[in-house]
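What follows is the residue order along each chain.
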Amino acid sequence: MKNLLSTRSNITLQLGRIIQQLRHLSALPKASGKAPGTLHYACNICGRNNAVSLCTLPRDERTCLGCGSTLRQRALISALSRKLFDGKSINLDAWTNIPTIRFKGISDADLISNALSQKLDYQNTFYHQAPFLDITGPGATDLSSCDVLICSDVLEHVSPPVQRAFDGMRKIIRPDGFLLLTVPCNASNRTTEHFPNLNDYRIHEHDGRRSLINRKKDGETEQFDNLIFHGGPGETLELRHFALHDLEQHLLEAGFSTIEVFAQPDFEHGVYWHNAYSVPIIAS
């Protein structure tokens, strides 16, 4: 019976994801033989009016001339607004009657951290500095310590097995709370682990090139070149690229039961996706 319920849950989840993507595709500008035009929008973080080319709108480049927000950051605020205010995407400065709930961020960028701190009962946390939070092994005081946890482009850097991080986040969030999540993602069938046997490793630099030297559990040494770093060296090394299906399975295995994929455009606030994968997800 338990397996049957799990199968039904997975089928429902897949149907929900397909419906979300169909809604997203139906909302995209219709093909006219020309590239999409210029999007005029008001940044939902700072309020600055901007204009950007739809056909080249990148996910993680600064495209607001005011605060320097990226598409991903505006999408985070848009998804959070829709969750808090009955589906309405509202500029951050207009947020009122906010529920009295506790928010935590996991190494959020200063722009997001500073903006949310002004409006919410919010605390940013870090793995290497205070206030500390290790999502792969939360301490006793971290358990059920917030209603909303924000984890934006962090999980691709967590050492394997990554399921520990999903399990830990579920424990940090109170039973009625939710996780706001983004990771680089694609439509493939399986997540790509760049270093599947990662164990005891170091980054070696030679002639301006970086390599990863890993000693596997059996003592064998392996070397990887062509590393991918996000924003710089060290802890920002990309360890994996998620498949959306696997990402959803990690969430379900951790105990989340409802998954919302926020792939729909929010043109008013400069949110437009060229695919329905590396987008905000809310899991509860």
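In this text, all values refer to a predicted model and were calculated from it rather than measured experimentally.

Quick notes on helix 3 (residues 110-117)
Turn by turn, an α-helix covers 3.6 residues, leaving residues three or four places apart pointing in a common direction.
Then, in step 1: Within the sequence span of helix 3, burial applies to Ile 112, Ser 113, Ala 115 and Leu 116.
Then, in step 2: For helix 3, the secondary structure elements touched by its buried residues are helix 2 (71-84), strand 4 (121-125) and strand 5 (146-152).

A few points about the pattern of salt bridges
Then, in step 1: Applying the stated criterion across every chain, the model contains 10 salt bridges.
Then, in step 2: In this structure, the salt-bridge partner of Lys 83 is Glu 260, at a minimum N-O distance of 2.9 Å. A residue pair is termed long-range when its members are at least 10 positions apart, and Lys 83 in helix 2 and Glu 260 in strand 13 (residues 259-261) qualify at 177 residues.
Then, in step 3: On the accessibility criterion, Lys 83 (31% relative accessible area) is partly exposed.
Then, in step 4: Residue class for Glu 260 comes out partly exposed when judged on its relative accessible area of 24%.
Then, in step 5: Each of Arg 59, Asp 60, Arg 72 and Asp 153 takes part in one network of salt bridges that share partners.

As for the confidence of the model for the protein
Then, in step 1: Summarising the model, the protein shows a mean pLDDT of 88, and 86% of its residues fall at 70 or more.
Then, in step 2: For the stretch residues 1-6, pLDDT sits under 50, and the model shows 0 contacts to residues farther than four places along the chain or on other chains.
Then, in step 3: Of the regions scoring below 50 in pLDDT, residues 27-35 engages in 9 contacts with residues more than four places distant in sequence or in other chains.

Quick look at the sheet that holds strand 4
Then, in step 1: As summarised here, the arrangement of the 6 strands in space is 4-3-5-6-14-13, forming an open sheet in which the pairing is mixed. Edge positions in the sheet fall to strand 4 and strand 13, since each has one partner strand and no second. Averaged over all neighbouring strand pairs, the angle between strand axes comes to 20°, with direction disregarded.
Then, in step 2: Inspection of the sheet shows strand 6 (residues 173-182) paired to strand 14 (residues 281-283) by 3 bridges, in the antiparallel sense. Bridge assignment links Leu 180 to a residue of strand 14, and that residue is Ile 282.

Notes on the packing of aromatic side chains
Then, in step 1: If you walk through the whole model with that rule in mind, you get 4 aromatic pairs.
Then, in step 2: Judged by centre distance (6.3 Å) and plane angle (80°), the ring pair of Phe 166 and Phe 242 falls under edge-to-face. In this pair, Phe 166 is assigned in helix 4 (residues 163-172) and Phe 242 in strand 12 (residues 240-243), connecting sequence segments 76 residues apart. In terms of burial, Phe 166 and Phe 242 fall into one category: buried.
Then, in step 3: Lying across the ring of Phe 178, Lys 83 places its NZ or CZ 5.5 Å from the centre.
Then, in step 4: In this arrangement the basic side chain of Arg 210 is found over the ring face of Phe 229, its NZ or CZ atom lying 5.2 Å from the centre.

Comments concerning the side chain of Arg 74
Then, in step 1: By the element assignment, Arg 74 lies in helix 2.
Then, in step 2: No salt bridge is formed by the buried Arg 74; its nearest oppositely charged neighbour, Asp 266, is found at 8.4 Å.
Then, in step 3: Of the polar contacts made by the side chain of Arg 74, one reaches the backbone oxygen of His 269; its length is 3.3 Å.
Then, in step 4: Beyond its immediate stretch of four places on either side in the chain, Arg 74 contacts Tyr 41, Cys 43, Asn 44, Ile 45, Leu 57, Thr 63, Cys 64, Ser 69, His 269, Gly 270 and Val 271.

Quick word on the environment of Thr 125
Then, in step 1: With respect to the secondary-structure elements, Thr 125 resides in strand 4.
Then, in step 2: With relative accessibility at 1%, the residue Thr 125 sits in the buried group.
Then, in step 3: Taking C-alpha positions, Thr 125 is 5.8 Å from Gly 105, a pair spaced 20 residues apart along the chain.
Then, in step 4: Each residue touching Thr 125, except ones within four places of it in the same chain, is listed here: Lys 104, Gly 105, Ile 106, Ser 107, Pro 131 and Leu 133.
Then, in step 5: A distance of 2.6 Å separates the side chain of Thr 125 from the backbone oxygen of Gly 105, its partner in a polar contact.

Rules used throughout
Residues numbered from 1 in each chain as written. Predicted model: local features only at pLDDT ≥ 70, side-chain atom pairs only at ≥ 80, totals over all residues. Heavy atoms only, no water. Buried < 20%, exposed > 50% of the residue type's maximum accessible area, 1.4 Å probe, protein only. Helix = DSSP H or I, 4+ residues; strand = E, 2+ residues; numbered from the N terminus. Contact = heavy atoms within 4.5 Å. Salt bridge = Lys/Arg side-chain N within 4 Å of Asp/Glu carboxyl O. pLDDT = per-residue confidence, 0-100. Pairing = 2+ DSSP bridges. Axes fitted to C-alpha atoms, helices over the stretch in contact; angles between N-to-C directions. Phe/Tyr/Trp six-rings, centres within 6.5 Å; stacked < 30°, edge-to-face > 60°. Lys NZ or Arg CZ within 6 Å of the ring centre and 35° of its normal. Lys, Arg positive; Asp, Glu negative; His and termini not counted. Polar contact = N/O pair within 3.5 Å; in protein donor to acceptor, adjacent residues only side chain to side chain.

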